[in-house]
Amino acid sequence: MAGIKIHGSVISTAAQRVFACLYEKDINFELVPVDMSAGEHKSESFLAMNPFGQVPAFEQGDLYLFESRAITQYIAEQYADKGTALTCPSKTVPMLLVWKEVEAHQFDPVASKLNWEIVFKPMFGMTTDPAAVEELEAKLSKVLDVYEARLSKSKFLGCDCFTLADMHHLPNINLLMGTQLKKLFDCRPHVSAWVANITARPAWAKVLALQGKK
């Protein structure tokens, strides 16, 4: 089978999901850097791989994929016999499907906007909107209340093993834990234990190493 190339940026949270998945599966890949500040993600050659002009893009022979969660699902299924399973036993698959959707539609929209305001705006010399942060913080608190209830009954979100549902959270959680909003996770004991567990995974350490972090 042809080698895997990931076209993306190490600071992209979407690309980080794919990196984490490949490391969990112990699959070698080539990172093809995309300089978004230079607009490379809007170039004709990149748009041929991802017509929406967003990183990452997955390349394997003549197969091209985009959308990070679709890419991780493909990797998990295509390489089911390698590395971490990233799926649940058959009887708990329905809950895995539910919590993958929760991450995509309840957690990510709020967490991504918070990281944009608190992390990325200052990085790009822009001004954070305190009113937006306050509103988003309240929304994230409600989401994490639901997580606390779920994690009081299950070690991980989908089932009692680490899956894509947990892994997909890592990029945004990692950024939020470096901000004042860390308190929202710390004050919920089951959420806090879950965060400590998933962020300590060796595969995630390799993702951070890509960014030159320890």
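Given the structure is predicted, the values throughout are model-derived calculations rather than measurements.

Chemist: Lay out the pattern of salt bridges in plain terms, naming residues and giving numbers.
Modeler: Going through the model one piece at a time under the given rule, you end up with ten salt bridges. Among the salt bridges present, the one from Glu24 reaches Arg201, with a minimum N-O distance of 2.7 Å. Of this pair, Glu24 sits in helix 1 (residues 13–24) while Arg201 is found in the loop between helix 9 (189–199) and helix 10 (202–210), placing the two residues 177 residues apart along the sequence. Neither residue differs from the other here; Glu24 and Arg201 are each classed as buried. A salt bridge links Lys183 to Glu137, with the shortest nitrogen-to-oxygen separation between them at 3.5 Å. Here the residue Lys183 occupies a position in helix 8 (residues 182–186), and Glu137 occupies one in helix 5 (residues 130–151), the gap between them amounting to 46 residues. Residue classification places Lys183 among the partly exposed residues on the basis of a relative accessible area of 46%. Overlapping salt bridges, with partners in common, bring together Arg17, Arg69, Glu103 and Asp108 in one network.

Chemist: Which residues make up the pairing of strand 1 (residues 4–8), and what values go with them?
Modeler: For strand 1, the buried fraction is high: four of the five residues fall into the buried class. As judged from the five bridges shared by strand 1 and strand 2 (residues 29–33), these two strands associate in the parallel manner. Looking across to strand 2, one finds that Gly8 is bridged to Pro33. After leaving strand 1, the chain enters helix 1 and then returns to the sheet as strand 2, a path that is right-handed. Across four bridges, the pairing between strand 1 and strand 3 (residues 57–60) is antiparallel. Bridge pairing links Lys5 to Glu59 in strand 3.

Chemist: Explain helix 4 (residues 93–123) to me, using residue names and the numbers behind them.
Modeler: A rise of 1.5 Å per residue sets the reference length of helix 4, with its 31 residues, at 45 Å; its end C-alpha atoms lie only 39 Å apart and thus fall more than 12% short of the reference. Two residues or fewer after helix 4 comes Gly125, characterised by a positive phi angle close to 75°.

What counts and how
- Residues numbered from 1 in each chain as written.
- Predicted model: local features only at pLDDT ≥ 70, side-chain atom pairs only at ≥ 80, totals over all residues.
- Heavy atoms only, no water.
- Salt bridge = Lys/Arg side-chain N within 4 Å of Asp/Glu carboxyl O.
- Helix = DSSP H or I, 4+ residues; strand = E, 2+ residues; numbered from the N terminus.
- Buried < 20%, exposed > 50% of the residue type's maximum accessible area, 1.4 Å probe, protein only.
- Pairing = 2+ DSSP bridges.
- Right-handed = clockwise from strand over helix to strand, strands pointing away.
- Expected span 1.5 Å × (residues − 1).

By themselves, these observations are geometric and do not establish any function.
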